[in-house]
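Structural overview for review
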Number of protein chains: 4
Amino acid sequence: MSEATPLVCLLHGPDQPGLVAKVSGWIFERGGNILHADQHRDLEAGVFFQRVEWTPAADTEFAAEEESFRKFAQELGMHATIGSPARRQRVALFVSKADHCFHDLILRWKAGEIPCELVAVVSNHEALRSASERYGLPFYHIPVTPEIKPAAEAAQLDLLSDLEVNLVILARYMQVLSDEFLTTFNGPVINIHHSFLPAFAGGRPYHQAHERGVKLIGATAHYATAVLDDGPIIQQDVARVTHRHGVADLIRHGRDLEKMVLARAVRWHLEHRVLVYGRKTVIFD
Amino acid sequence: MSEATPLVCLLHGPDQPGLVAKVSGWIFERGGNILHADQHRDLEAGVFFQRVEWTPAADTEFAAEEESFRKFAQELGMHATIGSPARRQRVALFVSKADHCFHDLILRWKAGEIPCELVAVVSNHEALRSASERYGLPFYHIPVTPEIKPAAEAAQLDLLSDLEVNLVILARYMQVLSDEFLTTFNGPVINIHHSFLPAFAGGRPYHQAHERGVKLIGATAHYATAVLDDGPIIQQDVARVTHRHGVADLIRHGRDLEKMVLARAVRWHLEHRVLVYGRKTVIFD
Amino acid sequence: MSEATPLVCLLHGPDQPGLVAKVSGWIFERGGNILHADQHRDLEAGVFFQRVEWTPAADTEFAAEEESFRKFAQELGMHATIGSPARRQRVALFVSKADHCFHDLILRWKAGEIPCELVAVVSNHEALRSASERYGLPFYHIPVTPEIKPAAEAAQLDLLSDLEVNLVILARYMQVLSDEFLTTFNGPVINIHHSFLPAFAGGRPYHQAHERGVKLIGATAHYATAVLDDGPIIQQDVARVTHRHGVADLIRHGRDLEKMVLARAVRWHLEHRVLVYGRKTVIFD
Amino acid sequence: MSEATPLVCLLHGPDQPGLVAKVSGWIFERGGNILHADQHRDLEAGVFFQRVEWTPAADTEFAAEEESFRKFAQELGMHATIGSPARRQRVALFVSKADHCFHDLILRWKAGEIPCELVAVVSNHEALRSASERYGLPFYHIPVTPEIKPAAEAAQLDLLSDLEVNLVILARYMQVLSDEFLTTFNGPVINIHHSFLPAFAGGRPYHQAHERGVKLIGATAHYATAVLDDGPIIQQDVARVTHRHGVADLIRHGRDLEKMVLARAVRWHLEHRVLVYGRKTVIFD
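Residues numbered from 1 in each chain as written. Chains lettered and ligands numbered in written order. Predicted model: local features only at pLDDT ≥ 70, side-chain atom pairs only at ≥ 80, totals over all residues. Heavy atoms only, no water.

What follows is about the overall build of chain A. Along the backbone of chain A there are eight helices and 13 strands. In terms of overall size, chain A behaves like a compact globule, its C-alpha atoms giving a radius of gyration of 21 Å where 285 residues would be expected to give roughly 19 Å. Seen through its principal axes, chain A has C-alpha atoms that stretch 60 × 40 × 35 Å. Across the 285 residues in chain A, those meeting the buried criterion constitute 58%. In chain A, 66% of the contacts between residues at least 6 apart in sequence involve partners at least 24 apart. Carbon and sulfur atoms form 52% of the exposed surface of chain A, whose accessible area is close to 11400 Å². (Helix = DSSP H or I, 4+ residues; strand = E, 2+ residues; numbered from the N terminus. Rg over C-alpha atoms; globule rule 2.2 N^0.38 Å. Buried < 20%, exposed > 50% of the residue type's maximum accessible area, 1.4 Å probe, protein only. Contact = heavy atoms within 4.5 Å. Areas by Shrake-Rupley, 256 points an atom, 1.4 Å probe, with all protein chains shown as cover.)

Structure follows, in structure tokens:
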């Protein structure tokens, strides 16, 4: 008799009485053991959200349990996304020349903080090739210029498809992905924007912040969508600045914010703690 | 058919499989509707904690539902504390001369942020009598000196008993309550200590902090116990200070921390969000 | 021989070598004693900023010293604003129905945290009359509707002029002041906006923030200018929120931010720590 | 005519009228240009503190200007420490097996955030040899056990002397340095302690914090002195934790605090912004 693979499910759908009882009852009756369960209700919209993590009875096949639960959720009228800490997601890191988020994520990954398979570093520049290779990570240089962008994106999509990538992280990639790219990839893309969105969307946010004289700078991790800097926000944080800080100081302080915010968002995503709902996220932390 | 009074229960006891299913099943089968449920497991100690808030079926009597649930919890081997947002707790505010937490709590109470009956302001000084009366609150002056402390505490206990007080808040009361007082009152007493405990326990914490040259000052709200400044911590916060701050500046900045931290702790307590467990608290926020 | 009145000067103008030496030398040679001096250079713009606080030699007349210093500053090509902790500014508080900033500022003022003469509470509603009067503060009800706004503003301006008001604080006043008002008053007006500007300028910022799904809410104290929510920012702060917070929770949490941020800005202003420079502020804290 | 090397001086001594004027006058008269000047007075103790950064007249020799200023300061009765951004300090990093502060400091150093010469990584374990060498940094393995500690410290001191090290950073070194070591080295040693000192001094602070049930964990960077965890504090910060965090979570969250706090302290030290004064520090940031 062997220990079964644990499951994590993110559920949401129209609220109705007894949902907590039904879900926990279903798991309990089949001999499962709930490790964590957290739920939320949007009372205005009448929507129920749940994250539930459980170990099924010994010798249960993951695929069978997943399939059964999905059917059960469907009968409840709920949308379910199912994963497992035992099934590591395959991640591609898109970078440009800035290396702070790149090093930070990789070192956290090596320290076991970010549970995934890091299968590719993709860049439009050669700058981080040798650092990637020193970390033992495959590096793919796919140049991008306005003229060849469609071809470059096609090459990127081929690579993601070949490597069976589940998640793309834009770790200061500095390029806008086209609608076509997002639609074709059809998976989550996490971006880090170097401002407290919705303030200072678009280019050169630290210059904008300096110009406006704000007293706090921020960083925002969000899912990329077709509208620039407008996708569902996963995490944000800020740091205090003063009139003594020039743009270069904002950029330097901002790097720490960007690293922390992006790493937190990626970890939450990989642990199946983020449920996207319209233009917003529910975070089960 | 009338809307039933909602219940909030704080449960804890030895962990066992199926607890979430059993509790939610019990409520659902009786026609109740869970509004919120949150649980926690201490994996090392094997203890399960839950806060569950539900509306029973229409026409259910609060006392009957409370009694039934208590029996059910007992059968599960769990300890249960049951309250209701509809049954407001009776609170006594103990103050001395400092008035910042006093005004802050009363103004929040008037704004509806602190759901309770404020039945008494008790003080060892006359300083806040007129302010209390302007707020329409009964003020009780019970002088305390080392010689008459036992008699003073007896008078306080009589008052708390007469007024059927459920919660005492020490809003910068500046007197240590004796073991006998705490044992006889036998209810929760929330204190605000003006440091980041366990640093700077005891007297004159801002002077201690200034002397040590710390870069952050703090405040801690905790349940009072027989050991001074050692009870279970409910909430803490800190603020940044510099070498430019003298003791008077620390005191001034600290007032804001004390107000915020105490108000947050009191609100959580009154909403049945705080479960005391050994020397620690579980906060279902 | 009597102790002279201390002076605080805010200086700014084109940078040039020796400014610190010249200013401190001028004070020292006349027998003055510098209590605090802080300076800043905007290297890009070539502008020098200084706050200097000093006690002149005994028996020096404040007005004479002020006049001499102003001339000296002019010779250096600097713009100077001069005040004194001993000359308390006259402040009018503009309120509407929301009372949290109102109570907070007045209680801080009574506690000595906000050094000024509070000469009037002005409101377009009667709601805070009795509270004002209980605090011993004169209350002026000047109704404002779109039709009578010009007349209402004229009445406000007459009042400010009669009372020799130096500073207007909009403590959640909820009305936009016209250009004409600002031009005629010709003095500082501090407003508290309930968002992290420039995000969510305009109306109902907490609703906007909830809609966008941000993970932090903010408050911003700034000088009012002709362009709504666009004046120089004095202070900002944020608080963390989650998907569990509805708009009402954001409003409640926001009240604490608004109180803290406005009080800090007002204190800095009254202590002559804020130098407005273009669309930005230099804060000598 | 060549651009002169800028100087930074940290001054302190008995307060007296005219110090700001005298120091700035001395620099101005010799054709120097003050870039930054910041001062502080401890009014209780009657001590004056100043940090002043200036470029001397062209063609001035650094050593000559340093010598002249030192004499001038002596005549004022002030203690002066003089450095220059142009004269990079020589730093040794002491590490054990934990690598988060190690990577963080080195990556910041490579990014230009930490202006110094990193001349040695010293460790009692081989664990970080290959990582050090990949960064191009010389690694020295000096094993330490209770029996051979005196010999090990002698070897460390020889190395520091040979390499002309000005600053030792204990980046989670996990060994207590003896009094003899500190006395012989006779230079600054910056340590990072993984708690909010003075809370949880000594060993296993995260275990202590978990046991006590605090709601915030902290990290403290301080100068090492003969009394463990008692030296002058340079920087501190905290992060919020909940009952859901086990010791392993505190350790993980704590790593981010430790990195940020140590990096900030090291940068301030290397920029001559930290003036040690008794058991405290004055930070000119």
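Here we take up the sheet that holds strand β7 (residues 139-141) of chain D. Residue and element names in this part refer to chain D. A sheet is described by the order of its strands in space; here seven strands give the open sequence β7-β6-β5-β8-β9-β10-β11, paired in mixed fashion. The sheet is open, and its two edges are formed by β7 and β11 (233-240), each paired on a single side. Here the average twist between neighbouring strands, direction ignored, is 20°. Pairing analysis gives three bridges linking strand β8 (residues 167-170) to strand β9 (residues 189-193), with the strands arranged parallel. Looking at β9, one finds that Ile169 is bridged to Ile190. (Pairing = 2+ DSSP bridges. Axes fitted to C-alpha atoms, helices over the stretch in contact; angles between N-to-C directions.)

Here chain A sits on chain C after a turn of 180° about the axis and a move of 0.0 Å along it, with an RMSD of 0.0 Å. The two molecules are tied by a two-fold rotation axis, judged by turn and shift. Residue Ala199 of chain A of chain A places its C-alpha closer to the rotation axis than any other residue of that unit, at 2.3 Å. Residue by residue, 100% of the interface of chain A is reproduced at the interface of chain C, so both copies engage with the same surface. (Least-squares fit on C-alpha atoms with pLDDT ≥ 70 in both.)

Next up on the list: helix α5 (residues 149-162) of chain B. Residue and element names in this part refer to chain B. With 14 residues, α5 extends 20 Å from end C-alpha to end C-alpha; this agrees with the ideal 20 Å at 1.5 Å per step. When we look at burial in α5, the residues that qualify are Ala152, Glu153, Gln156, Leu157, Leu159 and Leu160. The buried residues of α5 occupy one face: seen down the axis, they fall within an arc of 160°. Facing away from the buried side of α5 by over 90 degrees, the exposed positions are Pro150, Ala151, Asp158, Ser161 and Asp162. At its buried positions, α5 is contacted by β5 (90-95), β6 (117-123), β7 (139-141), β8 (167-170) and α6 (179-185). (Expected span 1.5 Å × (residues − 1). Arc of directions from axis to C-beta.)

The transform that puts chain B on chain C rotates by 180° and translates by 0.0 Å along the axis, for an RMSD of 0.0 Å. Looking at the interface residues of chain B, 100% of them are also at the interface in chain C, so both copies use one shared face.

Residue and element names in this part refer to chain C. Examined against the element boundaries, Ala171 turns out to sit in the loop between β8 (167-170) and α6 (179-185). Remark: the alpha-carbon pair of Ala171 and Val282, spanning 111 residues in sequence, is separated by 22 Å. Setting aside chain neighbours within four positions, we find Ala171 in contact with Leu93, Phe94, Val95, Cys101, Phe102, Leu105, Ile192 and Leu262.

The next thing to look at is the pairing of strand β12 (residues 274-277) of chain A. Residue and element names in this part refer to chain A. The sheet contact formed by β12 and strand β13 (residues 280-283) spans four bridges and is antiparallel. Directly across from Val276, in β13, lies its bridge partner Thr281. The turn joining β12 and β13, which pair antiparallel and follow one another in sequence, is formed by two residues; a positive phi near 65° is taken by Gly278.

Taken as a whole and assessed by the stated rule, the structure comprises 38 aromatic pairs over all chains. Considering the side-chain rings of Phe49 of chain C and Tyr277 of chain C, the 4.7 Å spacing of their centres and the 70° angle between planes classify their relative orientation as edge-to-face. A residue pair is termed long-range when its members are at least 10 positions apart, and Phe49 of chain C in strand β3 (residues 47-55) and Tyr277 of chain C in strand β12 (residues 274-277) qualify at 228 residues. Three or more aromatic residues link up through ring pairs in this structure, and these residues are Trp26, Trp54, Phe69 and Phe72 of chain A. (Phe/Tyr/Trp six-rings, centres within 6.5 Å; stacked < 30°, edge-to-face > 60°.)

Our focus in this paragraph is unusual backbone geometry. Each neighbour pair has its own omega, and for Leu197 of chain B with Pro198 of chain B the value is 5°, a cis peptide bond. If you trace the backbone, Pro198 of chain B turns up in the loop between β9 (189-193) and α7 (205-212). We note that Arg172 of chain C has phi near 60°; this positive angle belongs to a residue other than glycine. You can call Arg172 of chain C buried: its relative accessible area is 9%.

Next up on the list: the side chain of Glu65 of chain C. All names here are of chain C. Summarising the element assignment, Glu65 is placed in helix α2 (residues 62-75). Classification of Glu65 by relative accessible area gives buried; the value is 4%. Separated by 3.1 Å, the side chains of Glu65 and Trp54 make a polar contact. (Polar contact = N/O pair within 3.5 Å; in protein donor to acceptor, adjacent residues only side chain to side chain.)

On the surface, Lys110 and Arg134 of chain A together with Lys110 and Arg134 of chain D cluster together into a positively charged patch. Within the secondary structure layout, Lys110 of chain A lies in helix α3 (residues 100-110). (Patch = residues over 30% accessible without salt bridge, like charges linked within 9 Å, V, L, I, M, F, W, Y side chains within 5 Å. Salt bridge = Lys/Arg side-chain N within 4 Å of Asp/Glu carboxyl O. Lys, Arg positive; Asp, Glu negative; His and termini not counted. Charge placed at Lys NZ, Arg CZ, Asp CG, Glu CD.)

It is common to give the size of an interface as the accessible area that goes away when the parts come together. With 17 residues of chain B at the contact, the number on the chain C side is 17 residues. Around 1400 Å² of area is buried between chain B and chain C when both sides are counted, 46% of it from carbon and sulfur atoms. Three residues stand out in chain B for area buried against chain C, namely Arg134, Arg252 and Asp256 of chain B, and they jointly supply 29% of the buried area on that side. If you look at where chain B meets chain C, you find six salt bridges. Across the pair Arg255 of chain B and Glu113 of chain C runs a salt bridge, and its minimum N-O distance is 2.8 Å. Linking chain B with chain C are six residue pairs in polar contact (both at pLDDT 80 or more). Looking at the side of chain B that touches chain C residue by residue, the class counts come to three nonpolar, two polar and twelve charged. (Buried area = accessible area lost by both parts, 1.4 Å probe. Nonpolar A, V, L, I, M, F, W, Y, C, P; charged D, E, K, R; others polar.)

Owing to its 3.6 residues per turn, the α-helix aligns residues three or four sequence positions apart on the same side. Residue and element names in this part refer to chain B. Burial analysis of helix α3 (residues 100-110) places nine of its eleven residues in the buried class, the great majority of the element. For α3, the complete set of buried residues consists of His100, Cys101, Phe102, His103, Asp104, Leu105, Ile106, Leu107 and Arg108. Gly112 occupies a position one or two residues after α3 and carries a positive phi of about 85°.

Chain A puts 32 residues into the contact, and the matching count from chain C is 32 residues. For the pair chain A and chain C, the summed buried area comes to about 3100 Å², and 51% of that belongs to carbon and sulfur atoms. By the criterion of area lost to chain C, the three top residues of chain A are Arg212, Lys215 and His243 of chain A, representing 24% of everything that side buries. One can count six salt bridges joining chain A with chain C. Note that Asp230 of chain A and Arg212 of chain C form a salt bridge whose closest N and O atoms lie 3.9 Å from each other.

Residue and element names in this part refer to chain B. Strand order in the open sheet made by the seven strands is β7-β6-β5-β8-β9-β10-β11, with mixed pairing throughout. Each having just a single partner strand, β7 and β11 (233-240) make up the two edges of the open sheet. Across the sheet, the mean angle from the axis of one strand to that of its neighbour is 20°, orientation sign disregarded. Pairing analysis gives four bridges linking β5 to β8, with the strands arranged parallel.

Evaluation of the coordinates by the stated rule reveals 88 salt bridges over all chains. Residue Arg267 of chain D pairs with Glu271 of chain D through a salt bridge whose shortest N-O separation is 3.3 Å. Taken as a pair, Arg267 of chain D and Glu271 of chain D share a single burial class, namely buried. One salt-bridge network, in which partners are shared between bridges, spans Asp104, Arg108 and Glu113 of chain A together with Arg255, Asp256 and Lys259 of chain D.

This next bit is on the domain arrangement of chain A. All names here are of chain A. Under the domain assignment, chain A is made up of domain 1 (7-83) and domain 2 (90-283). Computed over C-alpha atoms only, the centres of domain 1 and domain 2 are separated by 31 Å. Between domain 1 and domain 2, the contact holds twelve residues from the first and eight residues from the second. In total, about 810 Å² of surface goes out of reach between domain 1 and domain 2, with carbon and sulfur atoms giving 68% of it. (Domains from an automatic or database assignment.)

The next subject is the packing of helix α1 (residues 19-29) of chain A against helix α1 (residues 19-29) of chain B. Packed helices, taken two at a time, are described by their axes: the angle between them and the distance between them. For the pair α1 of chain A and α1 of chain B, the least separation of the axes is 8 Å and the interaxial angle reads 135°. For the element pair α1 of chain A / α1 of chain B, the angle class is oblique. Here α1 of chain A runs over α1 of chain B; the crossing is left-handed. Facing α1 of chain A, whose interface residues are Val20, Ala21, Lys22, Ser24, Gly25 and Phe28 of chain A, α1 of chain B presents Val20, Ala21, Lys22, Ser24, Gly25 and Phe28 of chain B. Its residues assigned to classes, the contact of α1 of chain A with α1 of chain B shows six nonpolar, four polar and two charged. (Parallel < 35°, antiparallel > 145°, perpendicular 65-115°, else oblique. Left-handed = near helix turned anticlockwise from the far one by under 90°.)

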